[in-house]
Amino acid sequence: MRRRDFIKLAGVAALSGCASRSPSKARVVVIGGGFGGATAAKYIRIWDPSIDVVLVERDADFISCPISNLVLAGFAGMEDITRGHDGLERHGVTLVRDEAVGIDASKKVVRLARGGDIAYERLIVSPGVDFMFGEVPGFEPAMQAGRVLHAWKAGPQTVALRRQLEQMRDGGLYVLAIPLAPYRCPPGPYERVSVVAAYLKQAKPRSKVLVLDANPDITSKGPLFKRAWSELYPGIVEYRGNSRAIGVEGNSMTVKLEVEDVKGDVLNVVPPHRAADLAAKAGLVTTNNRWCDVDWRTMESKAVKGVHVLGDATLSAPAMPKSASMANNHAKIAAAAVVDLLNGREPQPLKILNTCYSFVSRSEAIRVSSVHEWEPGQGTLVPVKGSGGVSAARSEAEANYAWSWARSIWADSLV
Ligand SMILES: Cc1cc2nc3c(=O)[nH]c(=O)nc-3n(C[C@H](O)[C@H](O)[C@H](O)COP(=O)(O)OP(=O)(O)OC[C@H]3O[C@@H](n4cnc5c(N)ncnc54)[C@H](O)[C@@H]3O)c2cc1C
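Residues numbered from 1 in each chain as written. Predicted model: local features only at pLDDT ≥ 70, side-chain atom pairs only at ≥ 80, totals over all residues. Heavy atoms only, no water.

Strands sit in the order β11-β18-β12-β13-β14 across an open sheet of five strands; the sheet is parallel. Each edge of the sheet is formed by a strand with only one pairing partner; in this case those strands are β11 (148-149) and β14 (237-240). Running over the sheet, helix α8 (residues 188-203) touches β12 (173-178), β13 (208-213), β14 and β18 (266-269) and is turned about 175° from β12. (Pairing = 2+ DSSP bridges. Helix = DSSP H or I, 4+ residues; strand = E, 2+ residues; numbered from the N terminus. Contact = heavy atoms within 4.5 Å. Axes fitted to C-alpha atoms, helices over the stretch in contact; angles between N-to-C directions.)

What follows deals with the site of the ligand. If you check the shell around the ligand, you find 34 residues, and the closest are G36, E57, S126, R184 and D312. The separation between an oxygen atom of the ligand and a polar side-chain atom of R184 is 2.7 Å. At a separation of 2.8 Å, an oxygen atom of the ligand approaches a polar side-chain atom of D312. When the ligand sits alone it has 1,000 Å² of accessible area, and the protein chains cover 94% of it. Secondary-structure elements contributing two or more residues to the shell around the ligand are α2 (35-47), β2 (51-57), α3 (68-73), α11 (324-342) and β23 (352-359). A per-element tally of the shell around the ligand places α11 first, with three residues. Counted by class, the shell around the ligand contains 15 nonpolar, 10 polar and nine charged residues. (Near = heavy atom within 4 Å. Polar contact = N/O pair within 3.5 Å; in protein donor to acceptor, adjacent residues only side chain to side chain. Areas by Shrake-Rupley, 256 points an atom, 1.4 Å probe, with all protein chains shown as cover. Nonpolar A, V, L, I, M, F, W, Y, C, P; charged D, E, K, R; others polar.)

Attention shifts here to the pairing of β2. Regular strands have side chains that alternate between both faces of the sheet. In terms of burial, β2 is largely enclosed, as six of its seven residues are buried. In terms of strand pairing, β2 meets strand β5 (residues 94-97) through four bridges, oriented parallel. Bridge pairing links E57 to R97 in β5. (Buried < 20%, exposed > 50% of the residue type's maximum accessible area, 1.4 Å probe, protein only.)

Our next topic: the sheet that holds strand β17 (residues 261-263). Backbone-to-backbone hydrogen bonds join strands into a sheet, with any given pair of strands oriented parallel or antiparallel. Taken together, the three strands give an open sheet; going across it, the order is β15-β16-β17, and neighbouring strands pair in antiparallel fashion. Every interior strand has two partners, whereas the edge strands, β15 (247-249) and β17, have only one. Between one strand axis and the next, the sheet turns through 20° on average, direction left out of account. In this sheet, β17 lies alongside strand β16 (residues 254-256) in antiparallel orientation, the contact comprising three bridges. Residue pairing for β17: K256 is matched across the bridge by D261.

Across the interface, helix α7 (residues 156-167) lies against α8 with an axial gap of 11 Å and an inter-helix angle of 40°. With respect to each other, α7 and α8 are oriented oblique. In this structure, α7 meets α8 at a crossing whose hand is right-handed. Between α7, through L161, R162, L165 and E166, and α8, the contact on the second element is made entirely by R192, V196 and Y199. Within the contact of α7 with α8, the residues separate by chemical class into four nonpolar, no polar and three charged. (Parallel < 35°, antiparallel > 145°, perpendicular 65-115°, else oblique. Left-handed = near helix turned anticlockwise from the far one by under 90°.)

This part covers the packing of aromatic side chains. By the definition in use, this model includes nine aromatic pairs. On the numbers, 5.0 Å between centres and 75° between planes, the contact of F35 with F62 is edge-to-face. Remark: F62 occurs in strand β3 (residues 62-63) and F35 occurs in helix α2; sequence separation between them is 27 residues. Since its relative accessible area comes to 12%, F35 is described here as buried. Residue class for F62 comes out buried when judged on its relative accessible area of 4%. Judged by centre distance (6.1 Å) and plane angle (35°), the ring pair of W229 and Y239 falls under tilted. Note that W229 is positioned in helix α9 (residues 222-232) and Y239 in strand β14, a separation of 10 residues in sequence. An aromatic cluster is built from Y190, F225, W229 and Y239, whose rings are joined through pairwise contacts. Here the basic side chain of R162 rests over the ring of Y199, its NZ or CZ set 4.3 Å away from the ring centre. Residue placement shows K322 over the ring face of W291; its charged tip is 3.9 Å from the ring centre. (Phe/Tyr/Trp six-rings, centres within 6.5 Å; stacked < 30°, edge-to-face > 60°. Lys NZ or Arg CZ within 6 Å of the ring centre and 35° of its normal.)

Another aspect to go through is the packing of α8 against α9. Relative to each other, α8 and α9 sit at 10°, their axes nearing to 10 Å. By the criterion of interaxial angle, the relationship of α8 to α9 is roughly parallel. Only F225, W229 and L232 of α9 make contact with α8, whose side of the interface consists of Y190, E191, V193, S194 and K201. When its residues are assigned to classes, the contact of α8 with α9 shows five nonpolar, one polar and two charged.

Below, the discussion takes up α11. The terminal C-alpha atoms of α11, which comprises 19 residues, lie 27 Å apart, in line with the 27 Å expected from a rise of 1.5 Å per residue. A large share of α11 lies buried, amounting to 16 of its 19 residues. One or two positions beyond α11, positive phi appears at G344, with a value near 75°. (Expected span 1.5 Å × (residues − 1).)

Another aspect to go through is the environment of G188. Tracing the backbone through its elements, the reader meets G188 in helix α8. In this structure G188 comes out as buried when scored by relative accessible area, which is 4%. With 64 residues separating them in the primary sequence, G188 and I124 have C-alpha atoms 26 Å apart. Filtering out sequence-adjacent residues up to four positions away, G188 remains in contact with N69 and W152.

So, on to the pattern of salt bridges. Evaluated as defined, the whole model comprises 25 salt bridges. As a salt-bridge pair, K302 and D293 come within 3.5 Å of each other at their nearest N and O atoms. Linking K351 and E373 is a salt bridge whose minimum nitrogen-to-oxygen distance equals 3.5 Å. Here E373 lies in strand β24 (residues 365-375) and K351 lies in the loop between α11 and β23, a separation of 22 residues in the sequence. Since its relative accessible area comes to 56%, K351 is described here as exposed. Judged by relative accessible area, which is 29%, E373 ranks as partly exposed. Residues joined in a network through salt bridges with shared partners are R227, E231, E364 and R394. (Salt bridge = Lys/Arg side-chain N within 4 Å of Asp/Glu carboxyl O.)

Take a look at the structure:
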């Protein structure tokens, strides 16, 4: 154990033992230091420095899914998408490098894997997603053997998939299987197709990309992606809708569909996902055994009082994507609401904004954006009529904005 971790653990022991001795107004615990959790932790401290904030994150680094497709294509490196959580400490957030293994909402404590409980006044949970491996029989053993990857959480699988693409023969077939929506980042798979095609066109021009989409058609920015594929990668990208992966055979490198089997050289299968394990364990999952419904004015769970859920784990409001942009905005709703509640004020609904850029080549990108506001009649957030939209065409300007967006959201969440 590193000295720094030890100090953090010692801190938790102190935190758990003497919650009542604290001179602060209250303690908020945040689980998950991704886009949702890190932002919430930071903004609570900014908006009310008399509130103690403890952030529990199991991973050593923050590795961004946005821009990770460029790493697969060799257009960016892991160092570009890797950040620390240290910036949060400058806001007075206490970092605990551990896994939260349970929540006792009646006692208001979070249980940690390495032992010890942390007491909270309000809890914020932004644990992201976990995969429903059982929906694609054969995937999990093939993944464990390193043969078939999802790379749908940026990290070691991003590096491994990049290596597979580099090692693929010229003339090989890269297959990407996309699950039925909802999944995290609706345009993400089509961005991946585009930039992998860009890499193959330049490095292994006889190779092909086959897209097996469980959805009937491209779920986001469809016409822009289709145009990019036909103009930039003719004969390289083949798209098939209504093609759900129902199994994987790692040894023979086969994806099974309802009507046929497809063999490839690199198989990139993204299984359907659901709110991460912790959300299920804590009784926060309300819908289809997958997602956590919340009150969109506060992000408070509809199942467990005093616990706010953010990001991909939530049951999305109408037309709301699962995105970093949204998780960052959910965090601001929750932070504002928690600060209000702990100061005896009534939280007010907020209007929030989503922007998702997708690269279609190394130098060009496209964008979709939307604004969401509280609609009291429907009791949820709905898209503001006439707001948002998509880029008129792919452009280098949008690619520059995409990089700026990424740098700003990393800073806004972490620094
Ligand atoms: C390839 C790809 C490209 C994408 N591109 C974009 C894009 O361009 N724009 C965009 O807006 N979105 C994009 N996204 C989507 C975006 O990454 C997610 O929507 C976002 O990460 C969701 O944030 P979150 O806080 O819900 O979860 P995450 O960011 O996944 O954070 C969850 C955190 O919780 C931690 N955690 C989980 N359980 C525990 C536990 N029990 N104890 C302690 N820690 C725990 C995890 O380690 C993780 O750090 C992309 C996604 C992918 C896969």
